[in-house]
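Architecture and fold: a report
Below, each chain spelled out in residue letters.
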Amino acid sequence: MLYIIIAILIFGVLVATHELGHFGAAKLLGVKVNEFAVGMGPAIWRSRRKEESQEEDGTVYSLRLLPIGGFCALEGDDDDSPDPRSFSRAAWWKQFIILCAGAFMNFLTGLIIMAVLYMPAEAFLVELYAGPIEGYGTEECGLMAGDRFLSVDGHSVLVYGNARFFLDRAGETLDFVVERDGQQVELRNVHLPYQERTDEKGNFTRLRGLTMGGGTISASFSDKLAYAWNTCLDFVRTVWISLGDLVTGAIGLRELSGPVGIVNMMNEVATDPQLSPTPEVAVRHMANLAALIAVNLAVMNLLPLPALDGGRVFFLLLNSLLYMLFRKKIAPKYEGYVHLAGMAALMCLMLVVTLSDVWKLLGR
C-alpha cells in the first residue's frame, strides 16, 4: 500500500511539474497568471500575491485536496482577454515558449532523476559481439569478437540493451557501426537472416547465428551526465517506436496503460522480491520509472493533437503562417471547437484505457 501511495504522489508531482513549466515561463515573459495550483479538487489553502509593478491583484497560489496534478490558469488562455498581459495578446514566440515549457520541465525532470541515479555508478555496461554460432554460416559476417556495437541498422546504441533490441526488429540485411581497437568500423549490407531450427531435444529456435556479450566502460562525472542524457533520448525514442507500433497495429489498445496501470506497474516493480530485494532497490526502480514517465509526458504533450500542448503549438504556427501570407488567422472559436472535440476524444480514450487497466487488475 505504501508504494501505491508513493506512485500516486510521483504521478501527481510529474503533472504539477509540467504546470510549473508553464507558470515559470509565463512569469518570466510577463504573461499574467491568474492561479497556480498544486493538486486538484477543492482548495485547502490559498494565497493571493500582489504584483509589485501592477495595481491589480496578482497570482492566486493554491494547494488542493487531491494530490494528482495541478494547473496553471493564464489570463486569456481560453478567450481573447482585453488585458494587455494576457496570453492571447502575447507575441507568438512568447506563446510558443510558454506552451513548450511544460514538456521541457518534464524532460528536465527525467534528466535530473537519471543523473542522480547514475551518480554512484563506477562503470556502465556495453554490448559486445561475442562470436558466431556454429553451423549458422555467420563466421564471415564481418563482425569480430569484442566489437562494441555503436549503431545497429541505422539506430544509435544509446544504452545497454539497444543493440539486441534493434537486432531483433531488423530485417535480413543490416548495417552496423562498431568500435574495434579504438576505431569506428562501418559494416554495410550484412546479410544475417533468421534461421529456424529444431534442436536434438525438439526445441524450436529462431536465431541469426550471433552471440552477444557484455563489457564495461568508465563512469567519470561527464560520462554519467552523458549516459543520463542518452537514457532520456532512448526514452523519447521508445515512445516514438511504441506510437509507431500502435499505428501499424503491432500492439493494441490493451497494451496501453493509463494512470491506473502505471501506478500498478510501479507498485509491482517495487514489491516484487526478485526485482526489488531491498527498499533501496525498490526506490531506484520507482525513480527510473518516474523518469521514463516524465519523458513520456513530455513527448506525448508535444504531439500535434487537439487539446494537447502540441496541438496548440500547431495552431499557433499555422496562424502565424496564415497571417504572414494572407493577413488572416483562424477564428479562435473554430480553434476552440477543434480543441474541445480533441478533449472529448482524449477523455474517451482515457476512459477506455482506464477500464482496460482495471480489467487487467482483475485478471481478465
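Before reading on, note that the structure itself is shown above.
A brief structural summary. Computed from a predicted model, the values in this text were never measured in an experiment.

Turning next to the overall build of the protein. When its secondary structure is counted, the protein shows 8 helices and 10 strands. A principal-axis box enclosing the C-alpha atoms of the protein has dimensions of 80 × 55 × 45 Å. Evaluated residue by residue, the protein yields a buried proportion of 39% over its 364 residues. Across the protein, every contact between residues at least 6 apart in sequence was considered, and the portion connecting residues at least 24 apart equals 66%. When the accessible surface of the protein is totalled, it reaches about 20900 Å², and 62% of it is carbon and sulfur.

Contact pair helix H3 (residues 162-169) / helix H4 (residues 221-248): the axes reach a minimum separation of 13 Å and the direction vectors enclose 20 degrees. With respect to their mutual orientation, H3 and H4 come out roughly parallel. Our pair here, H3 against H4, has a crossing hand that is left-handed. Side by side, H3 and H4 meet where Asn162, Phe165, Phe166 and Arg169 of the first sit next to Asp234, Arg237, Ile241 and Asp245 of the second. When the residues that make up the contact of H3 with H4 are grouped by side-chain class, the tally is 3 nonpolar, 1 polar and 4 charged.

What follows covers helix H1 (residues 2-28). Helical geometry note: an α-helix holds 3.6 residues per turn, so side chains three or four residues apart project in the same direction. Over its 27 residues, H1 runs 38 Å from end to end, which matches the ideal 39 Å to within 8%, given 1.5 Å per residue. Positive phi appears at Gly30, one or two residues downstream of H1, with a value of about 80 degrees.

In this structure, strand E8 (residues 195-198) lies alongside strand E9 (residues 204-207), joined through 4 bridges in antiparallel fashion. In the sheet register, Thr198 faces E9, and the bridge partner there is Phe204. Hairpin connection of E8 to E9: 5 residues between the antiparallel strands, including Gly202 at a positive phi of 85 degrees.

Attention now goes to a nonpolar patch on the surface. On the surface, Ile8, Val38, Met40, Ile44, Trp45, Leu63, Leu65, Leu66 and Ile68 cluster together into a nonpolar patch covering about 790 Å² of accessible area. Elements supplying a minimum of two residues to the nonpolar patch: strand E1 (33-50) and strand E2 (57-74).

Our focus in this paragraph is helix H5 (residues 259-271). Its 13 residues place the ends of H5 18 Å apart at the C-alpha level, agreeing with the 18 Å of an ideal helix rising 1.5 Å per residue. Three or more residues of H5 are buried, namely Gly261, Ile262, Val263, Met266, Asn267, Val269 and Ala270.

Within the secondary structure, Gln195 is located in strand E8. Among the polar contacts made by the side chain of Gln195, one reaches the main-chain carbonyl oxygen of Tyr136 at a distance of 2.9 Å. With near-sequence residues (within four places) excluded, Gln195 lies in contact with Tyr136, Thr205, Arg206 and Leu207.

The next point concerns unusual backbone geometry. For Asp153, which is not a glycine, the phi torsion comes out positive at approximately 55 degrees. On the secondary structure map, Asp153 appears in the loop between strand E4 (148-152) and strand E5 (155-156). Notably, Ala307 is not glycine yet its phi reads approximately 80 degrees, a positive angle.

Looking now at the packing of aromatic side chains. What describes a pair of aromatic rings is the distance from one ring centre to the other and the angle between the planes of the rings. Within the structure shown, the criterion is met by 10 aromatic pairs. When the ring of Phe165 is compared with that of Phe166, the centres are 5.0 Å apart and the planes differ by 80 degrees; the resulting orientation is edge-to-face. You can call Phe165 partly exposed: its relative accessible area is 36%. Ring centres of Phe314 and Phe315 lie 5.8 Å apart, and the angle between their planes is 80 degrees; this geometry places the pair in the edge-to-face category. Connected via pairs of aromatic rings, a cluster forms that spans Phe23, Phe36 and Tyr61. We note Arg197 situated over the ring of Tyr136; from NZ or CZ to the ring centre the distance is 4.2 Å. Against the face of Tyr323 rests Arg327, its NZ or CZ located 5.2 Å from the ring centre.

Each value, and the rule that gives it
Residues numbered from 1 in each chain as written. Predicted model: local features only at pLDDT ≥ 70, side-chain atom pairs only at ≥ 80, totals over all residues. Heavy atoms only, no water. Helix = DSSP H or I, 4+ residues; strand = E, 2+ residues; numbered from the N terminus. Buried < 20%, exposed > 50% of the residue type's maximum accessible area, 1.4 Å probe, protein only. Contact = heavy atoms within 4.5 Å. Areas by Shrake-Rupley, 256 points an atom, 1.4 Å probe, with all protein chains shown as cover. Axes fitted to C-alpha atoms, helices over the stretch in contact; angles between N-to-C directions. Parallel < 35°, antiparallel > 145°, perpendicular 65-115°, else oblique. Left-handed = near helix turned anticlockwise from the far one by under 90°. Nonpolar A, V, L, I, M, F, W, Y, C, P; charged D, E, K, R; others polar. Expected span 1.5 Å × (residues − 1). Pairing = 2+ DSSP bridges. Patch = residues over 30% accessible without salt bridge, like charges linked within 9 Å, V, L, I, M, F, W, Y side chains within 5 Å. Salt bridge = Lys/Arg side-chain N within 4 Å of Asp/Glu carboxyl O. Polar contact = N/O pair within 3.5 Å; in protein donor to acceptor, adjacent residues only side chain to side chain. Phe/Tyr/Trp six-rings, centres within 6.5 Å; stacked < 30°, edge-to-face > 60°. Lys NZ or Arg CZ within 6 Å of the ring centre and 35° of its normal.

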